[in-house]
Amino acid sequence: MNVQVTLFILRGAIHKQVHNYFAHVGQLVSIAVMWLGIASELLDLNTLLWTFWDIRSIVWECLNKQEEQRNAAKEWMNVGNDGNEHMFARHFFMDDEGKIREEMLTFADLKSEYYKMLANAVYALLVVAFAMWLIG
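What you are looking at is a predicted structure, and each value in this text was computed from that prediction instead of being measured.

## Quick look at the overall build of the chain
Stage number 1. In terms of regular secondary structure, the chain is built from three helices and two strands.
Stage number 2. The N-to-C order of helical and strand elements in the chain reads α-α-β-β-α.
Stage number 3. Restricting to contacts in the chain with at least 6 residues of sequence separation, those with at least 24 account for 51%.
Stage number 4. Carbon and sulfur atoms form 65% of the exposed surface of the chain, whose accessible area is close to 11,100 Å².

Here it is in structure tokens:
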């Protein structure tokens, strides 16, 4: 924004003409639109980070609960262990041929997807921070 305002000032200083109100209104509209774009990006980033924080708390609550259940099973010498202690969920879906398939999702899958989402959130934060640095 500083570059844009500076160019407007220099343009006005170089071309000392009759006061052109239409040009000034256009310049103000240009600055206002730029501010709206910045505000929109910051609002999007805010929404992304709050959503990520909510998902983060749910994922870690789930992983901590799984760890507590694993420790409790070790204390009771694995009584009632059905071999699915690493399974998080089952996902049923229909394939291209119309057959119903089952997918087993493990806690390792959950943790892997969480770290992918963390990397994407950090990337978005860095892109917005870089853009603000360029504007500022």
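## Things to note about the nonpolar core
Stage number 1. If you look at the biggest cluster of nonpolar residues, it comprises seven residues: Phe52, Val59, Leu63, Phe107, Leu110, Tyr114 and Ala121.
Stage number 2. Contributing elements (two or more residues each) for this core: helix H2 (21-75) and helix H3 (107-135).
Stage number 3. Here this core takes four residues from H3, the largest share from any one element.
Stage number 4. Setting aside anything within four residues of it in sequence, one finds Val59 in contact with Leu110 and Tyr114.

## Side note on the packing of aromatic side chains
Stage number 1. On inspection of all chains with the given rule, the structure shows four aromatic pairs.
Stage number 2. With centroids separated by 5.2 Å and ring planes inclined at 65°, the aromatic side chains of Tyr114 and Tyr115 adopt a geometry described as edge-to-face.
Stage number 3. With relative accessibility at 42%, the residue Tyr115 sits in the partly exposed group.
Stage number 4. Among the aromatic residues, those joined into a cluster by ring pairs are Phe52, Trp60, Tyr114 and Tyr115.
Stage number 5. Positioned above the aromatic ring of Trp53 is the side chain of Arg56, whose terminal nitrogen or guanidinium carbon lies 4.6 Å from the ring centre.

## Let's talk about the pattern of salt bridges
Stage number 1. What the rule picks out here adds up to two salt bridges.
Stage number 2. Across the pair Asp95 and Arg101 runs a salt bridge whose closest N-O atoms are separated by 2.9 Å.
Stage number 3. The class for Asp95 is buried, based on a relative accessible area of 18%.
Stage number 4. Here Lys116 and Glu113 are joined by a salt bridge, their closest N and O atoms 3.3 Å apart. Here the residue Lys116 and the residue Glu113 both occupy positions in helix H3, the gap between them amounting to three residues, near one helical turn.

The rules behind the values
Residues numbered from 1 in each chain as written. Predicted model: local features only at pLDDT ≥ 70, side-chain atom pairs only at ≥ 80, totals over all residues. Heavy atoms only, no water. Helix = DSSP H or I, 4+ residues; strand = E, 2+ residues; numbered from the N terminus. Contact = heavy atoms within 4.5 Å. Areas by Shrake-Rupley, 256 points an atom, 1.4 Å probe, with all protein chains shown as cover. Core = buried A, V, L, I, M, F, W, Y, C linked by side-chain atoms within 4.5 Å. Buried < 20%, exposed > 50% of the residue type's maximum accessible area, 1.4 Å probe, protein only. Phe/Tyr/Trp six-rings, centres within 6.5 Å; stacked < 30°, edge-to-face > 60°. Lys NZ or Arg CZ within 6 Å of the ring centre and 35° of its normal. Salt bridge = Lys/Arg side-chain N within 4 Å of Asp/Glu carboxyl O.

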